[in-house]
Structure formats: structure tokens, C-alpha cells
Amino acid sequence: MDSALVSLLSSLPGHPQQHEEMRPAVIAIPACNEEERISRCLAALAVQRDKRGQRIPFEAYQVLVYANNCTDATAARAADIGNGTGVRIDVVSVACSEELSSAGLARKAAMDIAAEQLETADLHNGVILTTDADSIVSPSWLANSWQEFSQGADCIAGYIDADPHEFIELGRSFQYRGFFEEHYHALVAEIFALLDPRPHDPWPNHQVSSGASLAVTLKMYRAIGGLPAKATGEDAALALAVECLGGKVRHSMDVCVTTSCRLDGRAVGGAADAMKQRHAEPDAPCDQELESIFAVTKKAWLKGHLRRSSNIGFMEESAILAALGLGSEEIGRLLTTLRRSCFEVFWQELSAASTFLRYGEPLRPSMLAAEISRAEILLTFLRSQPNPLEAIDLLMEDRVAFEARLQRVQE
């Protein structure tokens, strides 16, 4: 890549510069024994299109495959794709010790190399994107990422969907479960967007930061010290690190990938393990974030008030924290975290400290239909309010008031 060339490409007649600004991009992909899936992953990256459906020039981006500890033909397959397309695909093959071979640390190594490539080419306005070797990005994945960056995002967490063919093969009960969980996830995300709004991450959005689709500017990547060195959870840790530096994390519904539904994943305790359990037991508990609608709303309401008061410098936090049953020493520690770190870290520590905010018994799929109905009733009310956060204050005094309001809205 060349910065002058990328700038020239962006200004060519017919190029939708008003829609998205092309920036030098390196796409980092960690891969371990992915010979059956890496070809489809790379093929999708080789046929990226802009917002008008035109092919994005090959010179505008490049791909890095970090093949670690492979005992199959992953590296060879990646090289074959690179030889058969105009996109530059670099393949780095490494043999790591067991403690360094996790998915999270492999992603860090890949993204660090991507950052070095941009800096070596003097492309300091570049961006680093990452996906998984078993994922397939949408045709406009890169263009939509560029658009989000042009609108001020420092980091982009894309939307992850299931591979449709593999999803269908898991059977009808698994499909119904997935439908209800996704529907409820979307309703929960909208409740948080209304009660704890973030101007840079407006609705529609989602609440997941996954390595299957992450992007960050080179400048921000270096500012946070690179991808946090974690065996798992590195993706969410990246988004949190950006938040803590005052960066803008966009949870985009337009930046989309589909990922495999395999039941034998690389990360212990990861998505594959969860799907395996749920496939074997259709009514196994949902993700802990899927709580009752009252619990969800209570958290979104409190988070919205705390963020607003901290943003305007009106320190009513201590009174709110005291109402959560916390002692003065704990309150002091939490307020110190808020001053020295960032709101999201403060919220995580508060959620762990307060019994009021801890996760309760997780919902099961058989319980979701009722909670979805209640969430839709609540959202009908919230959407009609000029200030949803203040409108719901009286409802959150207790569960009885909350239930009564839902009943009146429904009637």
C-alpha cells in the first residue's frame, strides 16, 4: 500500500468519497489448523465492494494470515489464495510455545505485525482490522468500516451472525432458541441505548465486541499499547482500553460477518463450547446478560444516571452508591476508580461490588417469550418519551410500580 495511491484512488471519478473515506488497511487473521475454512475467509476479503457496489481496488488494503502451530495445510491454502487474487496476502507461519498459542495471543501477534506494516510504509493514518479464519465478512465489510471511521469512530465492533447453512443443520429447536435469544438481545440493546445513550454509538447498535469483527485506527492501537495480552477476552479488553482513553467505540450493525457454528472451537469456554452445550440441552441457560426485563431496565436506568452525572461533573454518585448498600470505604474506592480510570471500568467494579447489580439466575429459552413481550411493551413507552431516562424514574422505585406501568401501557 501507498498513502498517495490510496488518496488518489479515493478521488477517482465514480468513487463514493462522500460515503466513505478509504484509509490504508491491514486485515489481521489468526489461524490454527483452518485448512477447511481459510479459503472462504480470504475469498470474501478479496471481493470487497464500496457503497455503490464497485470493487474496491486491491491496492487499498492487504491481508495478513498469522498461521500459528498449524499441523495442516492452512498456510499453503492461504498462500494459494494470495497467488490467485490481486489482494496482497502475507502468510506468517510460526510455532509458539503452548502458553503463547491461544487464540487471543495469536490475534495480538497478528495485529502487532499489521501495525508494524503500516508504520513501515509510513501509513500512520491507517487502520487495523481483524476477523477469524472461520468467518466470512460481508461484501461491504471494509467499506462500512471506513464509513464508521470517517464518522469519528476510533474502534469498531462489527455484528456477528451465524453461518446460515451450518445454523440450519443444528436443528429446529436450536434455531428457535437462536431466534428468541437474538430478538431479546436486540430489545435489551435498545433499552440501554435509550436509557444510557452514547452519541457516538447510536441506536441501532449491539452490545458485543468480538474478534470475529474488530477494527481500530493505528493511532489508537498504539495509544492503548496494542491488543491486551489475554488468552481469551482480548476483544472486549481492546474495546474497554479504547473507552478508557476517551476513544469512541462503535457497535455497528452495518459492519457484518458470518461465523461458523462449529461445536469444536479453539478457545476453551468460548462460543463453540456454549453452542455445544445448548445444542445438547435446548433449554440450557442463556447468556448471563439476558436477565429479566426488570433487571435489565434497572441496570440501564442506573448506568444512565451515573454516566450523566459523571459527565456533567455533578457528583451525586456517592448518594446513589450509598443507596446500593455500599459502605463508605467501598464508595471511596469506586469513586477513585471513576476519577483515575474510566466510566466503563467503574461500572464493571460497581457491578461486582453491589448485590443490587450482580447477575441473578439466568433465563432459559422457555422463559424468553414472556420477557420479549414485556420488553416490547416497555419500549413502546420509552420510545414515546422525549427524555426516556427521566420518564422511567418513578417506575424504578420498586418492581410493583414497574409491573403496574407495563400493565397500563399494554392496556
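Details of the structure are given in the entry above.
Residues numbered from 1 in each chain as written. Predicted model: local features only at pLDDT ≥ 70, side-chain atom pairs only at ≥ 80, totals over all residues. Heavy atoms only, no water.

Draft legend 1. The arrangement of the overall build of the protein in detail. Helix and strand content of the protein: 17 helices and 8 strands. The burial tally for the protein puts 49% of its 411 residues in the buried class. Look at the contacts in the protein between residues 6 or more apart in sequence, and 78% of them connect residues 24 or more apart. As presented, the protein carries roughly 18700 Å² of accessible surface, and 53% of it is formed by carbon and sulfur atoms. (Helix = DSSP H or I, 4+ residues; strand = E, 2+ residues; numbered from the N terminus. Buried < 20%, exposed > 50% of the residue type's maximum accessible area, 1.4 Å probe, protein only. Contact = heavy atoms within 4.5 Å. Areas by Shrake-Rupley, 256 points an atom, 1.4 Å probe, with all protein chains shown as cover.)

Draft legend 2. The arrangement of the packing of aromatic side chains in detail. Applying the stated criterion across every chain, the model contains 3 aromatic pairs. With 5.5 Å between their ring centres and 70 degrees between their planes, Phe179 and Phe180 make a pair best called edge-to-face. When the ring of Phe343 is compared with that of Phe346, the centres are 5.6 Å apart and the planes differ by 50 degrees; the resulting orientation is tilted. A residue pair is termed a helical-turn pair when its members lie 3 or 4 positions apart in one helix, as Phe343 and Phe346 do in helix H14 (residues 343-353) at 3 residues. Neither residue differs from the other here; Phe343 and Phe346 are each classed as buried. Above the face of the Phe149 ring, Arg23 is positioned so that its terminal group lies 5.7 Å from the ring centre. The ring of Tyr359 has Lys299 lying over it, and the distance from NZ or CZ to the ring centre is 3.9 Å. (Phe/Tyr/Trp six-rings, centres within 6.5 Å; stacked < 30°, edge-to-face > 60°. Lys NZ or Arg CZ within 6 Å of the ring centre and 35° of its normal.)

Draft legend 3. Spotlight on the state of the cysteines. All chains considered together, the criterion is met by 1 disulfide. Two residues, Cys244 and Cys342, share a disulfide whose sulfurs are 2.3 Å apart. Remark: Cys342 occurs in the loop between helix H13 (328-340) and H14 and Cys244 occurs in helix H9 (residues 234-244); sequence separation between them is 98 residues. (Disulfide = S-S within 2.5 Å.)

Draft legend 4. The arrangement of the nonpolar core in detail. In this structure, Tyr184, Leu321 and Leu350 are the most contacted members of the largest nonpolar core, which totals 43 residues. At the level of secondary structure, the elements contributing two or more residues to this core comprise helix H7 (172-195), helix H11 (293-311), helix H12 (317-323), H13, H14, helix H15 (365-383) and helix H17 (399-410). The element that contributes the greatest number of residues to this core is H15, accounting for 8 residues. Setting aside its immediate chain neighbours within four residues, Leu350 contacts Leu306, Leu321, Leu324, Leu326, Leu334 and Leu357. Of all hydrophobic cores here, the second largest spans 34 residues; its members include Ala31, Val63, Leu129 and Ile156. (Core = buried A, V, L, I, M, F, W, Y, C linked by side-chain atoms within 4.5 Å.)

Draft legend 5. Layout of the pattern of salt bridges. Counted by the stated rule, this structure contains 26 salt bridges. Taking the shortest distance from any N to any O, the salt bridge between Arg198 and Glu243 comes out at 3.3 Å. Linking Arg198 in the loop between H7 and strand S7 (214-217) with Glu243 in helix H9, this pair joins segments that are 45 residues apart in sequence. With a closest N to O distance of 2.7 Å, Arg307 and Glu344 form a salt bridge. (Salt bridge = Lys/Arg side-chain N within 4 Å of Asp/Glu carboxyl O.)

Draft legend 6. The arrangement of the sheet that holds strand S6 (residues 155-162) in detail. The strand order across the open sheet formed by 8 strands is S3-S2-S1-S4-S7-S6-S8-S5, and the pairing between neighbours is mixed. Edge positions in the sheet fall to strand S3 (88-94) and strand S5 (135-137), since each has one partner strand and no second. Averaged over neighbouring strand pairs, the angle between their axes works out to 25 degrees when direction is ignored. Sheet topology note: the strand S1 (residues 25-31)/strand S4 (residues 127-130) ladder contains 4 bridges and is parallel. By the bridge assignment for S4, Ala28 is matched with Thr130. The strands touched by helix H3 (residues 74-83) are S1, strand S2 (61-68) and S3; relative to S3, the strand with the most contacts, the crossing angle is about 165 degrees. (Pairing = 2+ DSSP bridges. Axes fitted to C-alpha atoms, helices over the stretch in contact; angles between N-to-C directions.)

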